[in-house]
Amino acid sequence: MVANPGGGSTDAGGGPVRHIPVLLGEVLAALAPAPGKLILDGTFGAGGYSLAILAAGAEVIALDRDPTAIAAGQAMVAAHGGRLRLVHSQFSHLADHAPQGGLDGVVLDIGVSSMQIDEAERGFSFQKNGPLDMRMSAEGVSAADVVNRAKVADLIRIFHFLGEESQAPRIAHAIEKRRAEKPLETTRDLAGLIELVTPRKMKDKIHPATRVFQALRIFVNDELGELAQALFAAEAVLKPGGRLVVVTFHSLEDRIVKKFFSDRAGKASGSRHLPVAHERAATFAAIGKPMVSASEAEAEINPRARSAKLRAGLRTDAAAEAADMSLFGFPNLASLGKLGG
């Protein structure tokens, strides 16, 4: 479950919100968990979806790339007598953890969790000063590595594409000038610089650093690539009649899921001006509405649900197609491997 990108997470009374599963009823309706079914929860987090799936009688394999989530979930594992298996893994590798007979369902809740946002030492939020980290897995290249080592042109592309930040060039050049004097090390270092470069206007609904923090988090964790690979993996391991349910919180993520389901709907290739080249068998059929969003009532109770979008598909008996990343039209961004300290 995603929280406000870069911002803090609080309830109406100002206290921290630890975990409220978004679109839970809608997820369960699309996923249809039941006794005898095996569901993979690719984004365990605090276990909201997994707990509800278990309560419906299904068994669960749950994955999370965050070691703190795995540690915190052990009590839930112990409480369910072998019906819950919790695995430290990125969800792009979900096929490695599926049984040979396949899965009855896969659910993915894309984005940073509220628990990660609330922990200042993880560096996801500029509301609480902490190290400029943002790594969900607590290893690899950090956000500090990116802002202090990436070329200006690469920073501009990262901020523009992943954050949809219109002031990307101005912010990137300001970072280049500041890091020549002293590395940016904390969330406040970066947020403060962005505030100076692009001051908040009265009409602005979000903090000026929000989009840059979002872009860095997505880039550091390769969130779009992870999502794309997870969709292909789910297609490969779902049984005929199995269900894929994905909840996203950002337009970039939703576009990937929408494009995937549209491509897998079995439309004929070619154009209206040319003969049809060949028919493609659908690997997924739609479940319910093409897209489901949170109700006004849920959004009022849980502000994080306001941007949530659910898309779901029913696996057919057609063979899985090739995992071709060119389907999504990702731009060429800087290599993470070249930015580490």
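As a reminder, the structure under discussion sits directly above these lines.
Residues numbered from 1 in each chain as written. Predicted model: local features only at pLDDT ≥ 70, side-chain atom pairs only at ≥ 80, totals over all residues. Heavy atoms only, no water.

Enquirer: Honestly, the pattern of salt bridges in this entry has me stumped. Any pointers?
Expert: When their charged atoms lie close together, side chains carrying opposite charge are able to pair. In total, this model carries 11 salt bridges according to the counting rule given. When the shortest N-O distance is used, the salt bridge between Glu223 and Arg217 registers 2.8 Å. Owing to a relative accessible area of 5%, Glu223 belongs among the buried residues under this scheme. The shortest N-O distance in the salt bridge between Glu321 and Arg264 comes to 3.9 Å. Within this pair, whereas Glu321 is found in the segment after strand 8 (309–315), its partner Arg264 is found in the loop between helix 12 (251–263) and strand 6 (284–286), the two being separated by 57 residues in sequence. (Salt bridge = Lys/Arg side-chain N within 4 Å of Asp/Glu carboxyl O. Buried < 20%, exposed > 50% of the residue type's maximum accessible area, 1.4 Å probe, protein only. Helix = DSSP H or I, 4+ residues; strand = E, 2+ residues; numbered from the N terminus.)

Enquirer: Just to check I follow, could you spell out helix 7 (residues 152–163) for this structure?
Expert: Since one α-helical turn is 3.6 residues long, residues separated by three or four positions face the same way. When the terminal C-alpha atoms of helix 7 are compared, their 15 Å separation across 12 residues agrees well with the 16 Å that a helix rising 1.5 Å per residue should span. Next to the buried residues of helix 7 lie helix 6 (143–149), helix 8 (168–181), helix 10 (210–220), helix 11 (223–237) and helix 12. Positive backbone phi, approximately 50°, marks Glu164, located one or two places after helix 7. (Expected span 1.5 Å × (residues − 1). Contact = heavy atoms within 4.5 Å.)

Enquirer: Help me understand the packing of aromatic side chains in this model?
Expert: Think of a pair of aromatic rings as described by two things: how far the centres are apart, and how the planes are tilted against each other in angle. Per the counting criterion, the structure on display carries six aromatic pairs. Plain terms: the ring middles of Phe232 and Phe260 are 6.0 Å apart, the flat faces sit at 70° to each other, and that makes the pair edge-to-face. With Phe232 in helix 11 and Phe260 in helix 12, this pair connects stretches of sequence that are 28 residues apart. Like Phe232, the residue Phe260 is buried in the burial classification. These aromatic residues form a ring-pair network of at least three members: Phe232, Phe260, Phe261, Phe284, Phe328 and Phe330. The positively charged end of Arg315 is found above the aromatic ring belonging to Phe284, 5.8 Å away from the centroid. (Phe/Tyr/Trp six-rings, centres within 6.5 Å; stacked < 30°, edge-to-face > 60°. Lys NZ or Arg CZ within 6 Å of the ring centre and 35° of its normal.)

That is the geometry; function is a separate question.
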